[in-house]
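# Remarks on the overall topology
Each chain, letter by letter, is given below.
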Amino acid sequence: MFAKMMMAAALAASATVAGAETIEIEMLNRGEAGAMVFEPAFVKAEPGDVIRFVPTDKGHNAESIDGMLPEGVEGFKSKMNKEFEFTATEEGLYGVKCTPHYAMGMVALIQVGDAVNLDAAADVKQRGKSKDRMAELLEQVE
């Protein structure tokens, strides 16, 4: 009986992982939206999906924006010029910036499931060009 329960648990766990996607976001000096961008800058994901930031061009990183993470999610900051990934564990909005290019508008927004923290995320003050770019990204939230 114990073996059957363990097998069932293993199958359930693998089914959860099997349904997860890996979503890549490139860090670019120039993209469709102009200079210093994440592409895509808006991503819709589900809990369990892996978000991978790829430094296609040099000089970029990915860092969470204070106040723009779901409750219970710890902030993150990747190293420069290094691929970085995290698993989206909680529903909500995840705001991301490139530390050296934040004022130039290099921001991204990841919606995982329902946007449960939309009001809090929208209240976060952005700097420079990030203000307009983040406003555009927030308009895409469903």
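The sections below set out a description of the structure shown in this document. Just so you know, these numbers come straight off a predicted model, no measurement behind them.

Moving on to the overall build of the chain. Of the regular secondary structure elements, the chain holds 3 helices and 8 strands. The order of helices and strands in the chain, counted from the N terminus, is α-β-β-β-β-β-β-β-β-α-α. Burial status across the chain gives 43% buried among its 142 residues. The contacts of the chain with a sequence gap of at least 6 include a subset with a gap of at least 24, amounting to 66%. Total accessible area on the chain is roughly 8,100 Å²; 53% of this is exposed by carbon and sulfur atoms.

Moving on to the sheet that holds strand β8 (residues 107-112). Pairing within the open sheet is mixed, and its 4 strands lie in the order β3-β8-β7-β5. Since the sheet does not close on itself, it has two edges, and those belong to β3 (42-45) and β5 (63-64), each with one partner. Summarising the sheet, β3 and β8 pair through 4 bridges and their orientation is parallel. Across the sheet, residue F42 finds its bridge partner in β8, namely L109. Each of β3, β7 (92-97) and β8 is contacted by helix α3 (residues 130-138), which is oriented at about 25° to β8, the strand it contacts most.

This next bit is on the sheet that holds strand β1 (residues 22-31). Within the open sheet, the 4 strands sit side by side as β2-β1-β4-β6. Their pairing is mixed. Among the strands making up the open sheet, the edge pair consists of β2 (34-39) and β6 (84-87). Averaged over neighbouring strand pairs, the angle between their axes works out to 15° when direction is ignored.

What counts as what
- Residues numbered from 1 in each chain as written.
- Predicted model: local features only at pLDDT ≥ 70, side-chain atom pairs only at ≥ 80, totals over all residues.
- Heavy atoms only, no water.
- Helix = DSSP H or I, 4+ residues; strand = E, 2+ residues; numbered from the N terminus.
- Buried < 20%, exposed > 50% of the residue type's maximum accessible area, 1.4 Å probe, protein only.
- Contact = heavy atoms within 4.5 Å.
- Areas by Shrake-Rupley, 256 points an atom, 1.4 Å probe, with all protein chains shown as cover.
- Pairing = 2+ DSSP bridges.
- Axes fitted to C-alpha atoms, helices over the stretch in contact; angles between N-to-C directions.

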